[in-house]
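# Residue-level structural notes
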Amino acid sequence: MLQLCIHTIIIDIWSKGKRKMRIAYQYKLRPTKEQAEKIDRTLDMLRCQYNYMLAERFNWWEKNRCAINACPLICYLPELKDQPTRFSQQKSLTQLKADRPWYKEIHSQVLQEVPKRVELAFKRWLKGDSNGKRSGKPRFKGKGQYKTLYGRCMQRPSLSFSSIIL
């Protein structure tokens, strides 16, 4: 169960198309029991969605890969499926919310960050990062392993004397 949450807000200041400055604010949040339960429930739903989307990509990769030296000269090629992309997986989120109404509790932009994380992990595994260094195979997240939620849904946080209002 969530006891203490450290929240970081990063603000980029741009001028003439170039980033001039990055400001980061960090807050320690001590949520109430109900808020902690809601955050835990949200993280668990995001974890399930991450695992589902990662499994979708692994299934596509397994069905469409074939080593060149392992294929016979004459072989039957099954119909190739479209590779799941971040955008195709984001499109499926509207149907997810219709099928599972409890996902409506999560802000849409927070849910849209999950396919972005899956795509980044999958691309780093297949192609590597900008330096060409490949990461290990992405892993499914177990209970309690999905600890971060991203979202650009916050405008400006307003501060009062003793609390932050998001």
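Data block above holds the structure.
In this report, we go over the structure that sits alongside the text. (Residues numbered from 1 in each chain as written. Predicted model: local features only at pLDDT ≥ 70, side-chain atom pairs only at ≥ 80, totals over all residues. Heavy atoms only, no water.)

## Observations concerning the overall build of the chain
- For the chain, the count of helices and strands is 3 helices and 4 strands.
- Listed by position from the N terminus, the elements making up the chain come as β-β-α-α-α-β-β.
- Taken over 166 residues, the chain has a buried fraction of 23%.
- When contacts within the chain are restricted to residue pairs at least 6 apart in sequence, long-range pairs at least 24 apart make up 62% of them.
- As presented, the chain carries roughly 13,200 Å² of accessible surface, and 53% of it is formed by carbon and sulfur atoms. (Helix = DSSP H or I, 4+ residues; strand = E, 2+ residues; numbered from the N terminus. Buried < 20%, exposed > 50% of the residue type's maximum accessible area, 1.4 Å probe, protein only. Contact = heavy atoms within 4.5 Å. Areas by Shrake-Rupley, 256 points an atom, 1.4 Å probe, with all protein chains shown as cover.)

## Some words on the packing of aromatic side chains
- Taken as a whole, this structure holds 6 aromatic pairs when the rule is applied.
- Note on Phe 122 and Trp 125: the rings are 5.5 Å apart at their centroids and 65° apart in plane angle, and the pair reads as edge-to-face. Taken together, the residues Phe 122 and Trp 125, both in helix H3 (residues 108-126) and 3 residues apart, mark about one turn of the helix. The same class applies to Phe 122 as to Trp 125, namely buried. (Phe/Tyr/Trp six-rings, centres within 6.5 Å; stacked < 30°, edge-to-face > 60°.)

## Quick look at the pattern of salt bridges
- If you walk through the whole model with that rule in mind, you get 4 salt bridges.
- Shared partners join several salt bridges into a network, and the residues in it are Asp 44, Arg 47 and Lys 143. (Salt bridge = Lys/Arg side-chain N within 4 Å of Asp/Glu carboxyl O.)

## Here we look at the packing of helix H1 (residues 33-64) against H3
- In the contact formed by H1 and H3, the axes pass within 10 Å of each other and the chain directions differ by 40°. Considering the angle they form, H1 stands oblique to H3. Considering only the axes of H1 and H3, their crossing is right-handed. Across the interface between the two elements, Leu 46, Gln 49, Tyr 50, Met 53, Leu 54, Arg 57, Phe 58 and Trp 61 of H1 pack against Val 110, Leu 111, Val 114, Pro 115, Arg 117, Val 118, Glu 119, Ala 121, Phe 122, Trp 125 and Leu 126 of H3. (Axes fitted to C-alpha atoms, helices over the stretch in contact; angles between N-to-C directions. Parallel < 35°, antiparallel > 145°, perpendicular 65-115°, else oblique. Left-handed = near helix turned anticlockwise from the far one by under 90°.)

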